[in-house]
Amino acid sequence: MFFLHSKRARRVAGCTALALSAGMLLAGPASADSPAPRPAVEKPVAGVKVPELVLPKADGARSAGTAGATAAGTAPRADLDGDGLSNLVFRGYDGQLYSTAGSDAIYRGDGATTFVKDVVPLGDLDGDGGRPEMLTLSTDGDVTVYGNVTATSSDFRWGASGWQIYNKVFTAGDLSGDGKADVLARTPSGELWVYRSTGTPGAPFHARQKIGNGWQAYDQLIGVGDSDGDGYGDFLARTYGGLLYFYGSTGSPYAVKPRKQVGTGWQIYNQIVGIDDATGDGIGDVIARGTDGTLWAYTGTGGGTYAARRQGSVGWQVAGQIGGAGNVPAHGKEELIARDKAGTLYWYYSLNNGLLSSRQQTSDIGGWAGATLFNVNSVDDNGESDILEIGGGHLYHQSYQGLVDYGGGWGIYNQLVGPGDLNGDGTGDFVARDRSGVLWLYRTNQYGNAVHARVKVGSGWGAYDRIVGSGDYSGDGLNDLVARTKDGTLYLYQGTGQAGYPFKPRVKIGGGWNVYPKIVAPGDITGDGKADLLAVNSGGELFRYSGTGEAGTPFKSRVSIGRGYQTYNGLY
């Protein structure tokens with residue numbers, strides 16, 4: 001058995017026994033008659049290379065620089081090198097943070113090396129005149145503020161937990177007029193909350209206050225700083241159909257002005273970022289990333305309006321999540337594992353543009369012949385997908401902490417799917433279908449080395465010949481399942497975030513899917529945070545169904561992205 005890393009290679013060694021589950025016999029390490037788990041393997045991946053940030057100059061605008069930004073009265077939120085301009089911070093293939101201010105990863109002041117789901121640049125939050133602060137979010141809901149952030153280092157300021165209740169966290173800049181950036185957070189149900197800044201490093205935010213409801217209508221929320229010249233922070237909101245709206249501040253952190261439509265056609269971008277004042281004219285600017293990794297610059301003209309786009313640098317598909325981007329970040333699985341008829345495993349990773357990399361062999365030839373394996377969203381705290389294997393009635397997980405044996409009794413299951421967190425505690429979970437068609441939920445702990453008592457989801461799941469899921473298909477930030485009946489009808493089960501009833505009633509989303517012998521959920525491979533679906537026809541042609549984030553029509557029309565997949569007898 002091996003431990004799968006989404007975008008990097010690491011050798012895993014050691015062994016950790018587990019003895020916790022419910023409804024089955026679980027007793028520590030594997031018994032003598034259990035087959036030995038397969039050895040860990042490595043996947044060779046090139047290191048993270050920071051793309052160049054090049055933005056076109058606006059006609060007639062002066063160079064920003066330190067003097068320009070100061071004169072304009074718009075302080076950048078991510079100036080890591082002291083030149084008066086915001087840098088881009090992003091999550092790399094390895095889950096670490098990088099910036100355009102340097103080529104090395106940013107050291108986090110508390111020594112953390114865990115996967116970062118999202119990062120939010122905050123500017124000089126504590127007013128010490130030093131480098132800016134930034135906020136990071138982990139996969140399990142931990143939030144951390146780092147100060148004096150440079151291209152390579154930062155100092156720990158503050159941390160808290162429980163932020164997995166939000167599907168988007170961002171900052172519009174200073175909403176209250178005190179010179180400090182405030183933080184906004186949205187729940188899956190559409191509640192928008194504000195955390196007003198205190199300016200105190202060890203306690204950076206006041207208690208949250210609710211702004212309003214209905215914000216689930218937007219798939220991206222983008223903080224842009226002061227766009228209308230009133231000295232307060234503003235933000236943009238994009239609908240699933242690509243309409244762009246401007247929300248101006250009222251001067252109170254607890255209310256915003258009525259929305260104003262400022263654009264159409266913005267659905268062509270997978271991540272949109274407020275870059276602050278990049279031109280020195282005192283108005284916040286915006287950059288947007290196309291699916292091919294090209295950056296496009298929009299110079300602010302005031303009141304949330306922008307001049308015609310101009311092309312910037314290319315190669316930005318390498319960024320899994322750009323700091324301050326408005327999308328709901330995906331994590332836990334962005335890849336495809338394939339097993340050929342000889343039992344050899346191959347790995348295809350996402351290029352964040354709707355395509356997959358060339359395949360890489362990740363096991364000995366024939367090393368996984370006959371194995372019952374499942375590739376699931378991360379069930380531990382590193383944010384990277386995991387392979388689970390049933391062998392000899394035991395379920396094994398090759399964790400970064402070592403080998404985990406979830407105990408015996410797992411031979412009763414014929415399907416196992418891990419779409420991500422299903423009960424709202426921030427940890428990855430999975431469901432298992434027994435041979436009578438009953439579906440059970442297994443919740444994991446933070447480290448993925450134990451599962452809680454199983455919870456019955458429901459019966460009748462034997463009607464499906466394929467159940468898949470990796471991430472959010474309905475746009476609410478909660479993880480979902482897709483299931484196909486034997487006649488080719490496809491259904492969506494939206495997640496609820498509640499362990500007692502993890503899925504809403506099914507919704508029919510299409511027919512004719514029996515033309516595909518293989519359907520697999522790769523997670524997000526288009527770089528927009530929305531989960532996608534892959535399907536292979538009898539001729540071996542691979543099709544991508546890009547996620548829309550809308551429950552009624554969760555997938556766009558299919559696009560062919562490869563051939564020759566008939567060589568595989570399993571896709572995961």
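Being a predicted model, the structure only gives us computed values, none of them experimental.

Conventions and cut-offs
- Residues numbered from 1 in each chain as written.
- Predicted model: local features only at pLDDT ≥ 70, side-chain atom pairs only at ≥ 80, totals over all residues.
- Heavy atoms only, no water.
- Helix = DSSP H or I, 4+ residues; strand = E, 2+ residues; numbered from the N terminus.
- Buried < 20%, exposed > 50% of the residue type's maximum accessible area, 1.4 Å probe, protein only.
- Contact = heavy atoms within 4.5 Å.
- Areas by Shrake-Rupley, 256 points an atom, 1.4 Å probe, with all protein chains shown as cover.
- Pairing = 2+ DSSP bridges.
- pLDDT = per-residue confidence, 0-100.
- Phe/Tyr/Trp six-rings, centres within 6.5 Å; stacked < 30°, edge-to-face > 60°.
- 1 Å grid on protein atoms, 1.4 Å probe; cavity = no way out; pocket = protein on both sides within 12 Å on 5 of 7 lines; lining within 4 Å.
- Points joined across faces, edges and corners; volume = space filled by probe spheres on them.
- Nonpolar A, V, L, I, M, F, W, Y, C, P; charged D, E, K, R; others polar.
- Polar contact = N/O pair within 3.5 Å; in protein donor to acceptor, adjacent residues only side chain to side chain.
- Axes fitted to C-alpha atoms, helices over the stretch in contact; angles between N-to-C directions.

J.: Explain the overall build of the protein chain here, please?
T.: The helix and strand inventory of the protein chain stands at one helix and 42 strands. The 572 residues of the protein chain split such that 61% are buried. Residue pairs in contact within the protein chain that sit at least 24 positions apart in sequence constitute 49% of those at least 6 positions apart. Of the roughly 19,800 Å² of accessible surface on the protein chain, 50% is carried by carbon and sulfur atoms.

J.: For this particular structure, what's the right way to read unusual backbone geometry?
T.: Of note in the backbone geometry, N148 takes a positive phi value of approximately 50 degrees without being a glycine. Mapped onto the secondary structure, N148 falls in the loop between β6 (143–147) and β7 (155–160). In this structure, N352 is a non-glycine residue whose phi angle is positive, near 60 degrees. Tracing the sequence through the fold places N352 in the loop between β24 (345–349) and β25 (360–361). Judged by relative accessible area, which is 5%, N352 ranks as buried.

J.: Just checking my understanding: could you explain the sheet that holds strand β16 (residues 269–276) for this structure?
T.: The strands making up a sheet associate through backbone hydrogen bonding, with each pair oriented either parallel or antiparallel. Spatially, four strands are ordered β16-β17-β18-β21 in an open sheet, and the strand pairing comes out antiparallel. Because the sheet does not close on itself, it has two edges, and the strands there are β16 and β21 (310–311). The pairing of strand β18 (residues 295–298) with β21 spans two bridges and is antiparallel. Bridge pairing in β21 links A297 to R310.

J.: Just checking my understanding: could you explain the confidence of the model for the protein chain for this structure?
T.: Detailed reading of the predicted coordinates is not advisable wherever pLDDT falls low. Residues at a pLDDT of 70 or more form 89% of the protein chain, whose mean pLDDT is 88. Here residues 1–34 is a poorly scored stretch, pLDDT under 50, and it has 139 contacts once near neighbours within four places are set aside; other chains count. Confidence drops under pLDDT 50 across residues 60–73; counting only partners more than four residues distant or on other chains, this segment forms 29 contacts.

J.: Sorry if this is basic, but what is going on with the packing of aromatic side chains here?
T.: In this description, a pair of aromatic rings is defined by centroid distance and the angle of the planes. For the structure shown, the criterion picks out 41 aromatic pairs. For the ring pair Y413 and Y442, a centre distance of 6.1 Å and an interplane angle of 85 degrees mean the geometry is edge-to-face. One end of the pair, Y413, is in strand β30 (residues 413–420); the other, Y442, is in strand β32 (residues 439–443), and 29 residues separate them in sequence. Given the relative accessible area of 0%, Y442 is considered buried. Geometrically, the ring pair formed by W461 and Y493 is tilted, given 4.4 Å between the ring centres and 35 degrees between the ring planes. Placement of the pair is W461 in the loop between β33 (455–458) and β34 (464–468) and Y493 in strand β36 (residues 490–493), with a sequence separation of 32 residues. By the burial criterion, W461 is buried, and Y493 matches it.

J.: Help me understand empty space enclosed by the protein, please; the structure alone is not making it clear to me.
T.: To find leftover empty space, a probe the size of one water molecule is rolled over the atoms. Evaluated as defined, the whole model comprises five cavities of 30 Å³ or more. Each pocket or cavity is described by its volume, and for the second largest cavity that value is around 140 Å³. R77, P121, G274, G323 and G324 are the residues nearest the centre of the second largest cavity, which is lined by 15 residues in total. If you list the elements that add at least two residues to the lining of the second largest cavity, you get β8 (168–173) and β16. The dominant element in the lining of the second largest cavity, judged by the number of residues it contributes, is β16, at four residues. Classifying every residue of the lining of the second largest cavity gives six nonpolar, seven polar and two charged.

J.: Explain the pairing of strand β14 (residues 244–247) here, please?
T.: Remember that side chains alternate between the two faces of the sheet whenever the strand is regular. The alternating pattern of β14 places L244 and F246 and Y245 and Y247 on opposite faces, both of which are buried. Connecting strand β13 (residues 234–239) to the next strand, β14, in antiparallel fashion are four residues, including G242 with a positive phi near 95 degrees.

J.: How should the environment of R443 be read in this particular structure?
T.: For R443, the location among the structural elements is in strand β32. Sequence separation between R443 and V431 is twelve residues; the distance between their C-alpha atoms is 8.5 Å. Leave out the neighbours within four places in its chain, and R443 touches N423, D429, A450, V451, H452, A453, V455 and A499. A polar side-chain atom of R443 sits 3.4 Å from the main-chain carbonyl oxygen of A453.

J.: Where do I start with the side chain of H397 in this structure?
T.: Along the polypeptide, H397 turns up in strand β28 (residues 394–399). The exposure class of H397 is buried, given its relative accessible area of 0%. At 3.5 Å, the side chain of H397 forms a polar contact with the side chain of D380. From its side chain, H397 meets the backbone oxygen of G448 in a polar contact 3.4 Å long.

J.: Just to check I follow, could you spell out the environment of D228 for this structure?
T.: Mapping D228 onto the fold places it in the loop between β12 (218–225) and β13. In this structure D228 comes out as partly exposed when scored by relative accessible area, which is 27%. The spacing of D228 and G304 is 76 residues in sequence and 6.7 Å in space, taken between C-alpha atoms. Residue contacts for D228: discarding those within four places in its chain leaves D234, F246, G248, K257 and G303.

J.: Any chance you could explain the sheet that holds β30 here in plain terms?
T.: What the four strands build is an open sheet, ordered β30-β31-β32-β33; its pairing is antiparallel. Either end of the sheet is taken by a strand with one partner, and the two such strands are β30 and β33. Ignoring which end each strand starts from, the neighbouring axes of this sheet average 30 degrees apart. Taken together, the five bridges between strand β31 (residues 429–434) and β32 define a ladder with antiparallel strand orientation. Looking at β32, one finds that D429 is bridged to R443.

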